[in-house]
There are 2 protein chains.
Amino acid sequence: MSEPLKSRYETPIPVGVSNRHVHLCQADWNFLFGEGIQPRKFRSVKQPGFWACYETVNLEGPKGKIENVRLIAPHRKKTQVEIAKTDASQLGLRPPVRGSGDLGGSSPIKITGPKGTLEVKEGLVIASRHIHFSPSEAEAMGIQEGEIVSVRAGIGGPRELVFTNVLCRISTDFSLEFHIDTDEANAAWVKTGDYVYIQK
Amino acid sequence: MSEPLKSRYETPIPVGVSNRHVHLCQADWNFLFGEGIQPRKFRSVKQPGFWACYETVNLEGPKGKIENVRLIAPHRKKTQVEIAKTDASQLGLRPPVRGSGDLGGSSPIKITGPKGTLEVKEGLVIASRHIHFSPSEAEAMGIQEGEIVSVRAGIGGPRELVFTNVLCRISTDFSLEFHIDTDEANAAWVKTGDYVYIQK
């Protein structure tokens, strides 16, 4: 007899905290780092096929600068800069909360690399929290693409809370992980690798 | 006939977001700013009798500095520095989450003012979220001192969430306000003056 599947409510979901980071398109990479240059792998990130680069850029807004913001490779079709609201306040910018790739009407941002400074017209966002599932993980937990769930985080800690309206995304490129930014992680007192649970 | 009281669940509670700030004891003030000098009022804060000062200090930890951190007056019996977890990461320090005044075993912190630098042995904390009530507000809402409630924040926004385990504190010195820090405010996408509700 096969072992019964764990329900969605009993499956521990690892947290992945996204620090501020930058995805460049090939043209913007060429402008900032030089044509023919390749990004160098610094370390893997949990989502298959993606990795953090040795290369970093500086971000600048009307109120301040943030230096040494890490690039994530491989390059994307459009440049996308993901920061926390705390970072946005420091820069003096008001980017919207958005899902990845949803950049229409997002904020402008100035990016500086070793070869120059780029004024991106739109591409600055604050990431919308979500859970990644592989198809088999989603099936085992009875999760549908686009489903909205609530997630209990920081259980037993000093700042336990429930994130409501969390989007579930399923792809063969994904592996089970609850993606939040540093503000959300700090508010719940959780870190990468901690476990959270879908709430009934 | 008197108007029926609103229940605790229907009463809008204004949010007060605490940015990083410092309460000094008189001796530490004297050391950093000089004996006989008085702090100057910059603006009132919502809790009766307290005000933000023109005077600021710099904080320093093993990994970095944060400049121009505002003082809150009047002075306290013990120096207490309240920062967000994001600030703590920048400083390279790991203060605990604590209620106000509960400083035993809290983190050391280096504070610089115009007259010198002070190495405080303990006093650095991350504030534990809580609701302040005046006695009449608590009575109208049926709240007991020390009661624990859940608070729904950011309703209708992009980051609605439920803060569980929120402590209720009642005092004649208090006025109705839900106190959170900048990480928590950014995680829920709320700001000072927004309203939250106690959840059933």
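Bear in mind that the values here come from a model prediction, so they are computed numbers and not experimental data.

Q: Please explain helix H1 (residues 26-33) of chain A as it appears in this structure.
A: At 3.6 residues per turn, the α-helix brings residues three or four places apart onto the same side. Residues and elements named next belong to chain A. Residues Asp28, Trp29, Leu32 and Phe33 constitute the buried set of H1. For H1, the buried positions fall inside an angular range of 105° around the axis, keeping them on one side. For H1, the elements touching its buried residues are strand S4 (51-60), strand S5 (65-73), strand S8 (107-113) and strand S9 (116-127). Of the residues one or two after H1, Gly34 is the one with positive phi, at around 110°.

Q: Before we go on, may I ask you to explain the relation of the copies chain A and chain B in this structure?
A: One copy of the chain maps onto the other through a rotation about an axis followed by a shift along the same axis. The transform that puts chain A on chain B rotates by 180° and translates by 0.0 Å along the axis, for an RMSD of 0.0 Å. Each copy turns onto its partner about a two-fold axis. Counting the interface residues of chain A, we find that 100% of their copies in chain B are interface residues as well, pointing to one common contact surface.

Q: How do you make sense of the domain arrangement of chain A when you look at a structure like this?
A: When the parts of a complex come together, some accessible area is lost, and that lost area is often used as the size of the interface. All names here are of chain A. As far as domains go, chain A holds domain 1 (2-16 + 129-198) and domain 2 (19-127). Here domain 1 and domain 2 have C-alpha centroids that lie 25 Å from each other. Facing 12 residues of domain 1, the contacting portion of domain 2 comprises 10 residues. Contact between domain 1 and domain 2 buries roughly 880 Å² in total, counting both sides, with carbon and sulfur atoms accounting for 42%. Taken together, the links from domain 1 to domain 2 amount to 0 salt bridges. If you list the elements that add at least two residues to the side of domain 1 that touches domain 2, you get strand S13 (177-181) and helix H4 (182-188). If one sorts the elements of the side of domain 1 that touches domain 2 by residue count, S13 sits on top with 3 residues. A class-by-class count of the residues in the side of domain 1 that touches domain 2 yields 3 nonpolar, 4 polar and 5 charged.

Thresholds, definitions, all that
- Residues numbered from 1 in each chain as written.
- Chains lettered and ligands numbered in written order.
- Predicted model: local features only at pLDDT ≥ 70, side-chain atom pairs only at ≥ 80, totals over all residues.
- Heavy atoms only, no water.
- Buried < 20%, exposed > 50% of the residue type's maximum accessible area, 1.4 Å probe, protein only.
- Helix = DSSP H or I, 4+ residues; strand = E, 2+ residues; numbered from the N terminus.
- Arc of directions from axis to C-beta.
- Contact = heavy atoms within 4.5 Å.
- Least-squares fit on C-alpha atoms with pLDDT ≥ 70 in both.
- Domains from an automatic or database assignment.
- Buried area = accessible area lost by both parts, 1.4 Å probe.
- Salt bridge = Lys/Arg side-chain N within 4 Å of Asp/Glu carboxyl O.
- Nonpolar A, V, L, I, M, F, W, Y, C, P; charged D, E, K, R; others polar.

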